[in-house]
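Coordinates in review
Letter by letter, the chains look like this.
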Amino acid sequence: MDLNLRDKVAVITGGTVGIGLAVAEGLAAEGANLVLVGRDKLRGDDAASRVADRFGIIATAISADVATAQGCDAVIKGTAKAFGGADILINNAGTGSNETIAEADDAKWQYYWDLHVMAAVRLARGLVPGMKKRGGGVVLHNASICAVQPLWYEPIYNTTKAALMMFSKTLANEVVGDNIRVNTINPGLVLTPDWVKTAKQIAGEDGWQAHLQGVADEAGGMKRFATPEELANFFVFMCSDKASYSTGSTYFVDGGWLKTV
Ligand code: NDP
């Protein structure tokens, strides 16, 4: 099935590892060129050159902190310099939190607001005008099942991901007439290196797999983690013309973890 993504330019925040890297590889396999964004320059450069070599596409890495206005500017300017603009923006950079509402200070709330919401706002402001000139585009937001089904230990994560979902919906309304589709994807458990690292810290070399199985069992549904590739397939489809009637929506890819309709 030709997804008509060849030579499209995709900007992927957090595209240097985990889910973002799997999405990058999925798009590259369809012939899209890439801008991979992360703070760690070495990891970004390495990921970009590996993906470019493997799939024969052009990939550039931009080292930037998207939780800051300057970092977002660097992504916008770097994309303009490398490709003249973008057709696809994947707002994926993000991370879990761990706190109680009683104890977390304003600075922590502000950091996650900047990372999960303002990055998407600033990058839309900087990249969507170029999409309009190119005749259309796609913006995807990687939120989380926690945007609607909160985990008790991460209220800041739950809240800022819920805000990202609403931002996505309102951006979709604003650009629907410009042939730009905007959607949110809410993953469940996805086995990224970060999960493995944390599990090893908690349960050690001998116990980390059982620990992760316990997490999956508690979630229910399929009682397993997704591979990053399983999630990436959905992102790639949503970037393609095959999803041409989909905008302003949220899609769950969670193996049945969501407990409501
Ligand atoms: P990883 O920790 O594996 O990767 C995160 C990526 O984001 C890295 O490339 C990292 O690069 C980048 N990043 C983090 N902070 C910043 C920043 N301030 N500026 C620029 N880049 C940044 O995460 P996952 O792949 O697990 O998660 C990706 C997204 O998916 C997140 O938004 C997460 O909330 C969401 N998600 C993940 C789930 C899971 O089970 N894994 C489930 C549901 C949602 P660097 O550190 O170099 O900056």
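Residues numbered from 1 in each chain as written. Predicted model: local features only at pLDDT ≥ 70, side-chain atom pairs only at ≥ 80, totals over all residues. Heavy atoms only, no water.

Looking up the protein in an unreviewed UniProt entry gives the name Short-chain dehydrogenase, with the organism given as Devosia yakushimensis. Heading Sequence similarities (unreviewed entry) of the UniProt record for the protein holds this comment: "Belongs to the short-chain dehydrogenases/reductases (SDR) family." (UniProt positions renumbered as here; feature names shortened; annotations may be inferred.)

Another point: the packing of helix α1 (residues 18-29) against helix α2 (residues 41-55). Two elements in contact, α1 and α2, have axes separated by 10 Å at closest approach and are oriented at 25°. Relative to α2, the element α1 is oriented roughly parallel. Viewed along their axes, α1 and α2 form a crossing whose handedness is right-handed. Counting all contacts with α1, which are made through L21, A24, E25, A28 and A29, the residues of α2 involved are A47, V51, R54 and F55. Residue classes in the contact of α1 with α2 are distributed as seven nonpolar, no polar and two charged. (Axes fitted to C-alpha atoms, helices over the stretch in contact; angles between N-to-C directions. Helix = DSSP H or I, 4+ residues; strand = E, 2+ residues; numbered from the N terminus. Parallel < 35°, antiparallel > 145°, perpendicular 65-115°, else oblique. Left-handed = near helix turned anticlockwise from the far one by under 90°. Contact = heavy atoms within 4.5 Å. Nonpolar A, V, L, I, M, F, W, Y, C, P; charged D, E, K, R; others polar.)

Positioned with a positive phi, N4 is a non-glycine residue whose angle comes to about 60°. Mapped onto the secondary structure, N4 falls in the segment before β1 (9-13). A relative accessible area of 42% means that N4 is categorised as partly exposed. At K223, a position not held by glycine, the phi torsion is positive, near 55°. Looking at where K223 falls in the secondary structure, it is placed in the loop between α6 (193-219) and α7 (228-239). Judged by relative accessible area, K223 falls into the partly exposed class, the value being 44%. (Buried < 20%, exposed > 50% of the residue type's maximum accessible area, 1.4 Å probe, protein only.)

The full count for this structure, using the stated rule, is one cavity of 30 Å³ or more. Of the voids in this model, the largest cavity is the one considered here, and its volume is about 60 Å³. Along the walls of the largest cavity sit T13, N91, N92, A93, L115, H116, A119, A120, N142, K161 and L164, which together make up its complete lining. Listing elements by their share of the lining of the largest cavity, those giving two or more residues are α4 (106-134) and α5 (155-175). The leading source of residues in the lining of the largest cavity is α4, at four residues. (1 Å grid on protein atoms, 1.4 Å probe; cavity = no way out; pocket = protein on both sides within 12 Å on 5 of 7 lines; lining within 4 Å. Points joined across faces, edges and corners; volume = space filled by probe spheres on them.)

We note that the domain assignment places domain 1 (9-189 + 228-253) and domain 2 (191-225) within the protein. Listed per partner, the contact involves six residues of domain 1 and nine residues of domain 2. Together domain 1 and domain 2 conceal approximately 590 Å² of surface at their shared face, both sides included; 67% is due to carbon and sulfur atoms. Considering only the surface of domain 1 that becomes buried against domain 2, L189, P228 and E230 emerge as the three largest contributors, covering 76% of it. Seen at the junction of domain 1 and domain 2, the total is one salt bridge. Between R224 and E230 there is a salt bridge, with the nearest N and O atoms lying 2.8 Å from each other. Summed over the shared surface of domain 1 and domain 2, the result is one residue pair in polar contact (both at pLDDT 80 or more). Going through the elements one at a time, α1 and α7 are the ones with two or more residues in the side of domain 1 that touches domain 2. (Domains from an automatic or database assignment. Buried area = accessible area lost by both parts, 1.4 Å probe. Salt bridge = Lys/Arg side-chain N within 4 Å of Asp/Glu carboxyl O. Polar contact = N/O pair within 3.5 Å; in protein donor to acceptor, adjacent residues only side chain to side chain.)

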